[in-house]
Each structure stands twice: as structure tokens, then as C-alpha cells.
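Residue strings, one per chain:
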Amino acid sequence: MEFTVQDKGRYTEVAANGRLNMVAAPKLRKVVDDVVNGGGTRIVVNLADTSFMDSSGLGALIGCLKLARQSGGDLRIAAVQPQVTMVLELTSMHRVLTPHATADEAFGND
């Protein structure tokens, strides 16, 4: 899995490309930790190119959300694919990590 980070002004976008599984989960945590340590507090994880997520990936997203909130910010997810949506809904985590249609919409009203 590859991650790209872009400062979008109002937020930092972390685009995830590949499978968010036990191999990629620590990488996501490191990327988000680097963003937070660099002063980014509003983070959107763009999952448009993430075709698969397992429990390790979900755990990484929750850990990243906690990290962002502890730094006074927030983390949101966008462009969630069907398999990832299924995992979020089966675990009821879609209530905590509400999916947004696009990265721009994630912090659109804030």
C-alpha cells in the first residue's frame, strides 16, 4: 500500500492506494503521526483507491482518529469503497468514522 500526503490548505489529505491490511496498518499510523507532528490537525484519509480493509486497517484508522483528536484536531474518511463500507457497517464504526463522498466535503462545513 502506498500513501501520498498533500496539504490542501484547510486540511491535509492522506490518499491510500491498495489494501489496508495488517501490513499497511502500521504505515498508515506512521504517515498520520508524521502529519500530526508536522502541525496538521485536520486530516482526511482518502480511500478512493483502497479496495480492501481488514480489522487491522480499521484499527489503524481508529488509532489515527484518536491521535488526531488528542492533538486538538480531527480525522475523517472520504470516497469509501463498497468493501470498506461493509467493514465499517458490520462493526458499527461508520457512526464514529462517518464516510464523506469526497475529501473536500469531509471538512466542507467546518
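Details of the structure are given in the entry above.
Fair warning: this is a prediction, and the values are worked out from it, not measured in the lab. (Residues numbered from 1 in each chain as written. Predicted model: local features only at pLDDT ≥ 70, side-chain atom pairs only at ≥ 80, totals over all residues. Heavy atoms only, no water.)

1. Details of helix α1 (residues 25–37)
If you check α1, its first and last C-alpha atoms are 18 Å apart, about what 13 residues at 1.5 Å a residue would give, namely 18 Å. Among the residues of α1, A25, L28, V31, V32, V35 and V36 are the ones counted as buried. Down the axis of α1, the smallest arc covering the buried residues is 135 degrees, so these residues share one side. Here the buried face of α1 lies against β1 (2–7), β2 (12–20), β3 (42–53), α2 (55–70) and β4 (74–78). One or two residues past the end of α1 sits G39, with phi positive at roughly 100 degrees. (Helix = DSSP H or I, 4+ residues; strand = E, 2+ residues; numbered from the N terminus. Expected span 1.5 Å × (residues − 1). Buried < 20%, exposed > 50% of the residue type's maximum accessible area, 1.4 Å probe, protein only. Arc of directions from axis to C-beta. Contact = heavy atoms within 4.5 Å.)

2. Comments concerning the pairing of β4
The element β4 is largely enclosed, with a buried count of five among its five residues. On β4, burial covers both faces: D74, R76 and A78 on one face and L75 and I77 on the other are all buried. When β3 meets β4, the two strands line up parallel, connected through five bridges. Bridge pairing links V44 to R76 in β4. Crossover handedness for the path β3 to α2 to β4: right-handed. Both β4 and strand β5 (residues 99–100) contribute to a ladder of two bridges, which runs parallel. Of the residues in β5, the one forming a bridge with A78 is H100. (Pairing = 2+ DSSP bridges. Right-handed = clockwise from strand over helix to strand, strands pointing away.)

3. Thoughts on the sheet that holds β4
The sheet built from five strands is open, its strands ordered β1-β2-β3-β4-β5 with mixed pairing. Because the sheet does not close on itself, it has two edges, and the strands there are β1 and β5. Both β2 and β3 contribute to a ladder of eight bridges, which runs parallel. Bridged to R19 within β3 is F52. Running at roughly 175 degrees to β2, α1 makes contact with β1, β2, β3 and β4 of the sheet. Running over the sheet, α2 touches β2, β3 and β4 and is turned about 140 degrees from β4. (Axes fitted to C-alpha atoms, helices over the stretch in contact; angles between N-to-C directions.)

4. A word on the side chain of T12
By the secondary structure assignment, T12 is in strand β2. With a relative accessible area of 11%, T12 lands in the buried category. Not counting residues within four places of it along the chain, the set of residues in contact with T12 comprises V5, Q6, D7, V35, G40, R42, I43 and V44.

None of this, on its own, says anything about what the molecule does.
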